[in-house]
Amino acid sequence: MLLVPIRNILAFQTRSLCCVAIKSNNLMYNKNFVISKRYAVTDFVGVSTKSKISEFIDRFKIMNPLNKSRLEANSWILYEKLVDQIPFDDIMTKLNLPDTFNSWFIITELHLWMIFVRLMNEGTKGAMIRNFIMEALWNDVEFRSKKLAIVNADVRHRQLKELSDQLRGALVGYDEGWLSNDMVLASMVWRRVFNKECNDPEQIELVVKYIRKQMSILQLQTFDSLFTKKDVKWIKFV
């Protein structure tokens, strides 16, 4: 399954979701907002931007079943839009990546990690949205894997388990690169994106520059424009 060509199904498949559509408006930026470097996978770290009382109120609001359902629905819609706009063709062509399901997953995971880093600046709410997006990812992976080829259920389950383990390791690796320097990040890109098979440092540099540029844009984006309006545009992969 992981090596099955997938270019014909890269476009996000429209599916019924138990959620309400949100109208997207113009992108909003807050130049005074700066996201601290923090982990996308582990618990919220760094200096909190909210008081303990404010954080407690947020937790209380989120635990309301109705608010939690709305948060989950919006997270799934955000996932759809994020994945639908990823420049898969450009990335795979310029990096000479094979046209496989595994390549789609690796590219998707990289872009979601960048979103996760931004969301973790929102404390409890951001962590919950990250978890909902992760649920949407695995629902999508299950859906796409069934459309790719007729694979034994046990084999597909084992392969998805492998992807899950790889994803956890990749997010931690990207975190380390983001919190360290370009050399560490480049090493992670070489291991994960290129599977240790790239001998062209310029291609690795392309990915590192892409990550840094995209992250700098996400740093300036407000939570309202990101989550409520879902107006996130990935930059052109050059």
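Notes on the structure in this doc start here. Everything quoted here is computed from the prediction, not taken from an experiment. (Residues numbered from 1 in each chain as written. Predicted model: local features only at pLDDT ≥ 70, side-chain atom pairs only at ≥ 80, totals over all residues. Heavy atoms only, no water.)

## Examining the overall build of the protein chain
Here is the rule: The way it works is that DSSP assigns letters per residue, a run of H or I at least four long becomes a helix, a run of E at least two long becomes a strand, and they are numbered from the N terminus. Burial here depends on accessible area, computed with a 1.4 Å probe over protein chains only, as a share of the maximum for the residue type. Under 20% is buried, over 50% is exposed, and the range in between is partly exposed. Shrake-Rupley sampling with a 1.4 Å probe provides the accessible areas, and residues are treated as covered by the protein chains on show and by no other component.
Secondary structure summary: the protein chain contains nine helices and zero strands in total. Starting at the N terminus and ending at the C terminus, the protein chain contains elements arranged as α-α-α-α-α-α-α-α-α. In the protein chain, which comprises 238 residues, the proportion classed as buried is 47%. Accessible area for the protein chain stands at about 12,500 Å²; split by element, carbon and sulfur atoms hold 56% of it.

## A few points about the pattern of salt bridges
For clarity, the threshold we go by: Each reported salt bridge corresponds to a side-chain nitrogen of Lys or Arg within 4 Å of a carboxyl oxygen of Asp or Glu.
Inspection of the entire model under this criterion finds 11 salt bridges. One salt bridge connects Glu109 with Arg192, and the closest N-O pair in it is separated by 2.5 Å. In this pair, Glu109 sits in helix H4 (residues 101–119) while Arg192 sits in helix H7 (residues 182–192), placing the two residues 83 residues apart along the sequence. Residue Glu109 shares its accessibility class with Arg192, and that shared class is buried.

## Focus on the nonpolar core
We count it as follows: Here, nonpolar core means buried Ala, Val, Leu, Ile, Met, Phe, Trp, Tyr and Cys residues that are tied together by side-chain atoms lying within 4.5 Å of each other. Working rule for contacts: check all heavy atoms of both residues, and any pair within 4.5 Å makes them a contact.
Membership of the largest hydrophobic core comes to 60 residues, with the highest contact counts inside it found for Trp113, Met114, Tyr174, Val189, Phe194 and Ile211. At the level of elements, helix H2 (65–84), helix H3 (88–94), H4, helix H5 (123–148), helix H6 (153–179), H7, helix H8 (201–220) and helix H9 (223–228) are the ones that each hand at least two residues to this core. Among the elements that make up this core, the one with the highest residue count is H4 (13 residues). Residue contacts for Val189: discarding those within four places in its chain leaves Tyr174, Phe194, Ile204, Val207, Val208 and Ile211.

## Topic: the packing of H4 against H6
Cut-off, in case you're wondering: For every element, the axis is a line fit to its C-alpha atoms; helices are fit only across the contacting stretch, and the angle between N-to-C directions ranges from 0 to 180 degrees. The labels follow the angle: roughly parallel below 35 degrees, roughly antiparallel above 145, roughly perpendicular from 65 to 115, and oblique for the rest. Left-handed is the label given to a crossing in which the near helix is rotated counterclockwise from the far helix by less than a right angle, and right-handed is the label when the rotation is clockwise. Basically, the charged four are Asp, Glu, Lys and Arg, the nonpolar ten are Ala, Val, Leu, Ile, Met, Phe, Trp, Tyr, Cys and Pro, and anything else, Gly included, counts as polar.
At a minimum axis separation of 10 Å, H4 and H6 run at an interaxial angle of 45 degrees. With respect to their mutual orientation, H4 and H6 come out oblique. Viewed along their axes, H4 and H6 form a crossing whose handedness is right-handed. When H4 is examined against H6, the residues Phe101, Asn102, Phe105, Glu109, Leu110, Trp113, Phe116 and Val117 are found in contact with a partner set consisting of Leu163, Gln166, Leu167, Ala170, Leu171, Tyr174, Asp175 and Trp178. Of the residues that constitute the contact of H4 with H6, the class distribution is 12 nonpolar, two polar and two charged.

## Thoughts on the packing of H6 against H7
Following both chains from N to C, one finds H6 and H7 inclined at 160 degrees, their axes separated by 7 Å at the closest point. Taken together, the axes of H6 and H7 are roughly antiparallel relative to one another. For the crossing formed where H6 meets H7, the hand is left-handed. Residue-level contacts link Gln166, Ala170, Gly173, Tyr174, Glu176, Gly177 and Trp178 of H6 to Val184, Leu185, Met188, Val189 and Arg192 of H7. Looking at the contact of H6 with H7, its residues break down into seven nonpolar, three polar and two charged.

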